[in-house]
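Remarks on the overall topology
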Amino acid sequence: MIQSEPLSCREIVELVTDYLEGSMPPGRRLGFEEHIAICPPCRNYFDQFRHTVELGKKIEEEQLPPDVREALVNVFRDWQKDAR
Amino acid sequence: MSSSDVEASADSALLERLRAGSEDAFGEIVDSYGPAMLRVATLYVRDRSLAQEIVQDAWVNVLGGLDGFEGRSSLKTWIFVILGNCARRRAEREQRTIPFADPHESSLDASVDPDQFFAATHPRWPGAWSSVVEDWRTLPEDRLASAEATDAFRAAIAKLPARYAVVITLRDIEGWSADEVTTLLDVSPENQRVLLHRARARVRMSLVDYFGSEAE
């Protein structure tokens, strides 16, 4: 495996989504993991980032307000009338 | 059957009923996609009642284009492409899009304020953290996931330029796949990741402020 240049903290913070999305070449991935393993601030940053993503998943979908839904059903009814 | 096959066959069953004029079928689609459509439209115009008009406008176009829909993308993606077009048109007309000179946009390319690192030329710690990064693992779980924290998340999204806000909303709140968002926005996979990363980084910054101020 080609050994890539060691990553600085400033580079690490830009790569977290690439890492989480699995879109890094294996050598880079290893370098990222090695850095995180020995660098407490970057580990905290990585953890904050993951928590941020997790928090988004917890935001619940609200339902459409009844008047908005009603207006959309009327759009449908108008469309049907026009189609006939 | 793969999940996209399942989706495709559910789509075609739904489409058949919709084309046959089933109001129930329409209600099902509206209940599945309507809330996310309203949320996305709001990101473009920052105004709830304008956003409602955009969603209605989008449905007029969806229903009008139903016969021409060939299923090359999923029904969901197709509906949201139409929604995005309606929203952008409307935002331009209302001039409610966030201007390019927005301070958030200009500083979006750095995930962390550069002042928080030593310079790249530093003799001992080039590009290393020069500031403290809070350990959120010491925060209680119920505070990390509190209603106030999710409010802070949403408030941070509301400050982002629309494209960034749309990507993080669909990926992280609505659970869309990277492929779906890439298709919707007609961008490269790399570009989709950049938009997502910058949006997440910005939301993380807001949460740092939020948890930090709470601790004091």
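If you're wondering where the values come from, they're calculated on a predicted model, not measured in any experiment. (Residues numbered from 1 in each chain as written. Chains lettered and ligands numbered in written order. Predicted model: local features only at pLDDT ≥ 70, side-chain atom pairs only at ≥ 80, totals over all residues.)

1. Some points on the confidence of the model for chain A
Residues of chain A with pLDDT of at least 70 account for 94%, and the chain-wide mean is 92. At the level of individual helices and strands, chain A shows its lowest average pLDDT in helix α5 (residues 66-83) of chain A, which scores 93, and its highest in helix α2 (residues 16-20) of chain A, which scores 97. (pLDDT = per-residue confidence, 0-100. Helix = DSSP H or I, 4+ residues; strand = E, 2+ residues; numbered from the N terminus.)

2. A few points about the confidence of the model for chain B
All names here are of chain B. When pLDDT is averaged along chain B, the result is 89; 90% of the residues meet or exceed 70. Mean pLDDT across the elements of chain B bottoms out in helix α5 (residues 103-106) (52) and peaks in helix α3 (residues 48-65) (96). Low pLDDT, under 50, characterises residues 99-103; the predicted model gives this stretch 2 contacts beyond four residues in sequence or across chains. We note a pTM of 0.89 for the whole complex and an ipTM of 0.91 for its interfaces. (Contact = placed C-beta atoms within 7 Å.)

3. Considering the interface of chain A and chain B
Counting from both sides, the interface comprises 37 residues of chain A and, opposite them, 42 residues of chain B. Ranked by residue count, the leading element in the side of chain A that touches chain B is helix α4 (residues 40-58) of chain A, at 13 residues. Its residues placed into classes, the side of chain A that touches chain B shows 16 nonpolar, 10 polar and 11 charged. (Nonpolar A, V, L, I, M, F, W, Y, C, P; charged D, E, K, R; others polar.)

4. Focus on α4 of chain A
For the α-helix, the turn length of 3.6 residues means that residues three or four positions removed from each other point alike. Between its terminal C-alpha atoms α4 of chain A stretches 27 Å, which fits the 27 Å expected from 19 residues at 1.5 Å a residue. When α4 of chain A is considered as a whole, its buried residues turn out to be P41, C42, Y45, F46, Q48, F49, H51, T52, L55 and G56 of chain A. (Expected span 1.5 Å × (residues − 1). Buried ≥ 20, exposed ≤ 12 C-beta atoms within 10 Å, placed from the backbone.)

5. Observations regarding unusual backbone geometry
If you check the backbone angles, R46 of chain B has positive phi at about 55° while not being a glycine. Relative to the assigned elements, R46 of chain B resides in the loop between α2 (23-45) and α3.

6. Digging into the packing of helix α4 (residues 75-94) of chain B against helix α9 (residues 178-185) of chain B
Residue and element names in this part refer to chain B. At a minimum axis distance of 9 Å, the contact between α4 and α9 shows a crossing angle of 40°. On the basis of the axis angle, α4 is oblique to α9. For the crossing formed where α4 meets α9, the hand is right-handed. Contact residues: T77, F80, V81 and G84 in α4; E180, T183 and L184 in α9. Considering only residue class, the contact of α4 with α9 consists of 3 nonpolar, 3 polar and 1 charged. (Axes fitted to C-alpha atoms, helices over the stretch in contact; angles between N-to-C directions. Parallel < 35°, antiparallel > 145°, perpendicular 65-115°, else oblique. Left-handed = near helix turned anticlockwise from the far one by under 90°.)

7. A look at the environment of F118 of chain B
Residues and elements named next belong to chain B. Along the polypeptide, F118 turns up in the loop between α5 and α6 (141-144). Between the C-alpha atoms of F118 and A128, which are 10 residues apart in sequence, the distance is 5.5 Å. Here F118 is in contact with W125, P126, G127, A128 and S130, once residues within four sequence places are set aside.

8. Digging into the nonpolar core
Of all hydrophobic cores here, the largest spans 54 residues; its most connected members are A41 and L83 of chain B. If you list the elements that add at least two residues to this core, you get α5 of chain A together with α2, α3, α4, α7 (147-158), α8 (162-173), α9 and α10 (189-215) of chain B. Ranked by the residues each element gives to this core, the list is headed by α2 of chain B, at 12 residues. When sequence neighbours within four positions are dropped, the list of residues in contact with L83 of chain B reads M37, V40, A41 and A58 of chain B. In terms of nonpolar packing, the next biggest core, distinct from the first, is built from 15 residues, V13 and F49 of chain A together with V112 and W129 of chain B among them. (Core = buried A, V, L, I, M, F, W, Y, C linked by C-beta atoms within 7 Å.)

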